[in-house]
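Examination of the molecular architecture
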Amino acid sequence: MSLNVSKRRPLVAQSEIRNMTLECARVSGVNLAQGVCDLPVPEPVIRGAEEAMRAGTNIYTRFDGLPRLRAAIAAKQRRFTGMDLDPDGQVVATCGATGAFYAACLALLDEGDEVLVFEPYYGYHIVTMVSLGIKPVYVTLEPPEWGFAAQDLERAVTAKTRAIVLNTPSNPAGKVFDREELSVIADFAEAHDLFVFTDEIYEHFVFDGREHIAPATLPGMARRTITISGLSKVFAITGWRLGYALCDPEWALAIGHFSDLVYVCAPAPLQIGAATGLEELGPDYYRGVSDEHQMKRDRFCDTLRAIGLTPHVPAGAYYTLADVTRLPGATAKERALYLLEKTGVACVPGSAFYSGPVGETLARFCFAKEMDVLEDAMQRLRRLG
Ligand code: PLP
């Protein structure tokens, strides 16, 4: 038999996040590896989905989503960022931000294209591109501010560069790009005529009075930016698979067609649940969730400091990268496994977020857990002494 798997198969391995989740289950530990938030799903979101199922919204929707959801997304985007979008041409509802990013890569990039990505990066961005024959080129963000210089971008660009990927607030560093940094990126994208893919799934979680700035709102950026986000994180519905892409109508149609090809549509009644949440939840809800993550960030980072795993305190999102060099092991994976065996707390080895060796000194912890779960994790970590 010569029925071999595709040449692309070896490019897609089980993610380190899933590996550590399995390791964690093996020892019945506390899983701070996976980026899921245990907070309760807001009542309007559940009610909206339930009512939609009973009312018969159970069949395929249009490939770019139900009009009510697209209108709710456009209204929310106007409310939070001032972006002015046509819900009937510039909004594509997708199966998660993951589905939006995949469809956008399929629709707008070709094999052999190069794409600039900041590291530490979100692994799915990389694997998605690599599996499509697109080459990520890394620009390293330097702690403590996770900054970069314009020259870093210029050094990385070639004649094959077609796009730059931004993630703000970022996973795993919690980097929130400020206006000045975004202006540098905007000028650079303009000078080299690049697409800008921005993943803003953590847009509502920004700490210490910072502001999330949607990159598409910078001068000249709306026409080259594909804004990607979703409801997974803000409504704690990672399993519902609801996200979206916002961009120029020609690109939106292309993204919608590729999304149709892979997913057909986002789950119909859940689209109504998300729309209901977007329509009914006010600023207090969004502020409340962000404040709760900030409080947990502070408590968790204090614990990490106390046990000598110095954290990089994030400005947004709900992860912290910590220095794990005090743990025995030659690699971040060995150190993460040691921590799991010793304390029962699972984290993700930093090597999952870097192309080079820097990640071997780091681990990522997700602190978006119910308080009793986080307390349990912090108590276990203190055992490390
Ligand atoms: N983008 C980033 C940066 C993430 O961290 C995650 C999940 O961890 C996702 C996208 C996934 O989003 P979705 O559930 O909408 O596919």
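Residues numbered from 1 in each chain as written. Predicted model: local features only at pLDDT ≥ 70, side-chain atom pairs only at ≥ 80, totals over all residues. Heavy atoms only, no water.

Some thoughts on the sheet that holds strand S12 (residues 348-349)
Defined as follows: Two strands are said to pair when DSSP picks up at least two bridges between them. Secondary structure is summarised from DSSP: a helix means a run of H or I of at least four residues, a strand means a run of E of at least two, and numbering begins at the N terminus for each. Note on contacts: a residue pair qualifies if any of its non-hydrogen atoms lie within 4.5 Å across the two residues. To get an axis, a line is fitted to the C-alpha atoms, and for a helix only the part in contact is used. The angle between two axes follows their N-to-C directions and goes from 0 to 180 degrees.
Pairing is antiparallel in the open sheet, where four strands are placed in the order S9-S10-S13-S12. Two strands close off the open sheet at either side, each with one partner strand: strand S9 (311-312) and S12. As paired strands, S12 and strand S13 (residues 362-366) are joined by two bridges and run antiparallel to one another. Directly across from Pro349, in S13, lies its bridge partner Ala363. Contacting S9, strand S10 (319-323) and S13, helix H10 (residues 283-306) crosses the sheet at an angle of about 10° to S10.

Notes on the pairing of strand S4 (residues 135-140)
Defined as follows: Convention used here: a crossover is right-handed provided that the path from the first strand, over the helix, to the second strand proceeds clockwise when the strands point away from the viewer.
Bridge count for strand S3 (residues 114-119) against S4 is six bridges, and the pairing is parallel. Looking at S4, one finds that Val117 is bridged to Tyr138. Note on the crossover from S3 through helix H5 (residues 123-131) to S4: the handedness is right-handed.

Observations concerning the state of the cysteines
Applicable threshold: Two cysteine sulfur atoms make up a disulfide if the distance between them is within 2.5 Å.
Here the structure, examined in full by the defined rule, presents zero disulfides. Between Cys265, a free cysteine, and Cys95, which holds the nearest cysteine sulfur, the sulfur-to-sulfur gap is 7.1 Å.

Side note on helix H12 (residues 371-382)
Quick reminder of the rule: Each helix should span, by expectation, one fewer than its residue count multiplied by 1.5 Å. Only protein chains enter the calculation, and the probe is 1.4 Å; a residue is then buried if its accessible area is under 20% of its type maximum, exposed if over 50%, and partly exposed in between. The arc refers to the directions leading from the helix axis to the C-beta atoms.
Taking 1.5 Å per residue as the helical rise, H12 with its 12 residues ought to reach 16 Å, and the 16 Å between its terminal C-alpha atoms agrees with that figure. Those residues of H12 lying buried are Leu374, Ala377, Met378, Arg380 and Leu381. When H12 is viewed along its axis, its buried side chains cluster within an angular range of 160° and face the same direction. Turned more than 90 degrees away from the buried face of H12 sit Asp372 and Gln379, all of them exposed.

Re the sheet that holds S3
One open sheet accounts for seven strands, arranged S2-S8-S7-S6-S5-S3-S4; its pairing is mixed. What marks the edges here is a single partner per strand, and that holds for strand S2 (91-94) and S4. On average, each strand axis in the sheet is tilted by 20° relative to the strand beside it, whichever way the strands run. In terms of strand pairing, S2 meets strand S8 (residues 243-246) through four bridges, oriented antiparallel. When the sheet's bridge partners are listed, Ala93 is paired in S8 with Tyr244. Where helix H3 (residues 67-81) meets the sheet, it contacts S2, strand S7 (225-230) and S8, and its direction lies at approximately 65° from that of S8. The strands touched by H5 are S3, S4, strand S5 (161-167) and strand S6 (195-199); relative to S4, the strand with the most contacts, the crossing angle is about 150°.

Some points on the site of the ligand
Put simply, the test is: Proximity is defined per residue: if any heavy atom of the residue lies within 4 Å of a molecule or strand, that residue is considered near it. We call two N or O atoms a polar contact when they sit within 3.5 Å, provided that within protein one can donate a hydrogen and the other can accept it, with sequence-adjacent residues counted only if both atoms are side-chain atoms. In these tables, accessible area is a Shrake-Rupley quantity obtained with a 1.4 Å probe, and a residue counts as shielded only by the protein chains included in the view. Charged residues are taken to be Asp, Glu, Lys and Arg, nonpolar residues to be Ala, Val, Leu, Ile, Met, Phe, Trp, Tyr, Cys and Pro, and polar residues to be all remaining types, Gly included.
Around the ligand, the surrounding shell holds 13 residues, and the nearest of these are Ala97, Thr98, Asp199, Tyr202 and Ser232. Taking Asn171, its side chain carries an N or O atom lying 2.7 Å from an oxygen atom of the ligand. Take Lys233: an N or O atom from its side chain is 2.8 Å from an oxygen atom of the ligand. Starting from 390 Å² of accessible surface for the ligand in isolation, the protein chains cover 92%. Sort the elements by how many residues they give to the shell around the ligand and helix H4 (residues 96-108) lands first, with three residues. Of the residues assigned to the shell around the ligand, the class counts are five nonpolar, five polar and three charged.

A look at the packing of aromatic side chains
Short version of the rule: By convention, a stacked pair of Phe, Tyr or Trp rings (six-membered ring in the case of Trp) has centres within 6.5 Å and planes under 30 degrees apart, an edge-to-face pair has planes over 60 apart, and any other such pair is tilted.
One pass over the full model with this rule turns up 16 aromatic pairs. Each ring, one from Tyr202 and one from Tyr318, has its centre 5.3 Å from the other, and the planes form 75°; the classification is edge-to-face. One end of the pair, Tyr202, is in the loop between S6 and S7; the other, Tyr318, is in the loop between S9 and S10, with 116 residues separating them in the sequence. Measuring from ring centre to ring centre gives 5.5 Å for Phe300 and Phe365, while their planes differ by 55°; the resulting arrangement is tilted. Linking Phe300 in helix H10 with Phe365 in strand S13, this pair joins segments that are 65 residues apart in sequence.

Digging into the UniProt feature "domain: Aminotransferase class I/classII large" (unreviewed entry) in the protein chain
Going by this rule: UniProt positions are given in the numbering used here, feature names are shortened, and annotations may be inferred rather than shown by experiment.
UniProt's feature table lists "domain: Aminotransferase class I/classII large" (unreviewed entry) at residues 30-381, given in the numbering used throughout. With 41% helix and 16% strand, the stretch residues 30-381 has end C-alpha atoms that lie 10 Å from each other.

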